[in-house]
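Secondary and tertiary structure notes
What follows is each chain in one-letter form.
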Amino acid sequence: MSPLKVAPNERGVLRLFALDMPPEEAKFQREPGAADQMLGIVGLVADQIDVFPVSDLEDMGLYGYLHEGCGVSLDQLDRTALEAVKGWVMVVRSAAFGGRALRLEPDPRVHLIGLYTEEATNWTGGKIETGSAKPFSAPQAAPSDQSPQRLGSAVLAVLALLIIGGALWLIL
């Protein structure tokens, strides 16, 4: 397989690889550092890599996994091609590369099935037209009278002084 490039600060891209190897060896790819060797680089973030047999997905399949589980839009997915994938696969998210620009040189037993982008959240919004969104539109509260609180505090202070004074008088 020819080298694959990873752009610096890449975000939201999933790479789906088929692992053409015995199940025992494919299962070993879950170990820290194993995917690094298979992709020909060092320093991958292991928790951003999933290695599993397609059969674990049961009825959902790769099509459902990528769409429902990873947020890949339907227009990027070919159901027929994904249903034809059998055996073990490896999903590598952009975050696995730690924002570095890299050149992947996969092992000959690792085949790229596809490169998919996750749907990004649209944070834009229209102008809010309601009156409550305007500055200073909330009803202004009348200033409250603080004198009742002050009176209660003064009464408590006098009572405390009387108790302390009475306790000192009894002691002396």
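Residues numbered from 1 in each chain as written. Predicted model: local features only at pLDDT ≥ 70, side-chain atom pairs only at ≥ 80, totals over all residues. Heavy atoms only, no water.

1. What to know about the sheet that holds strand E2 (residues 13-19)
Taken together, 4 strands build an open sheet; the order of strands is E3-E4-E2-E6 and the sheet is antiparallel. Among the strands making up the open sheet, the edge pair consists of strand E3 (49-53) and strand E6 (110-117). Recorded for the sheet is a direction-independent mean angle of 20 degrees between the axes of neighbouring strands. The pairing of E2 with strand E4 (residues 88-93) spans 6 bridges and is classified as antiparallel. Within E4, the residue paired with Leu 19 across the bridge is Trp 88. (Pairing = 2+ DSSP bridges. Helix = DSSP H or I, 4+ residues; strand = E, 2+ residues; numbered from the N terminus. Axes fitted to C-alpha atoms, helices over the stretch in contact; angles between N-to-C directions.)

2. Some words on the pairing of E2
In regular strands, side chains alternate between the two faces of the sheet. In terms of burial, E2 is largely enclosed, as 7 of its 7 residues are buried. Where burial is concerned, the two faces of E2 agree: the one with Val 13, Arg 15, Phe 17 and Leu 19 and the one with Leu 14, Leu 16 and Ala 18 are both buried. Direction of pairing for E2 relative to E6: antiparallel, over a ladder of 7 bridges. Note on E6: the bridge partner recorded for Leu 19 is Val 110. (Buried < 20%, exposed > 50% of the residue type's maximum accessible area, 1.4 Å probe, protein only.)

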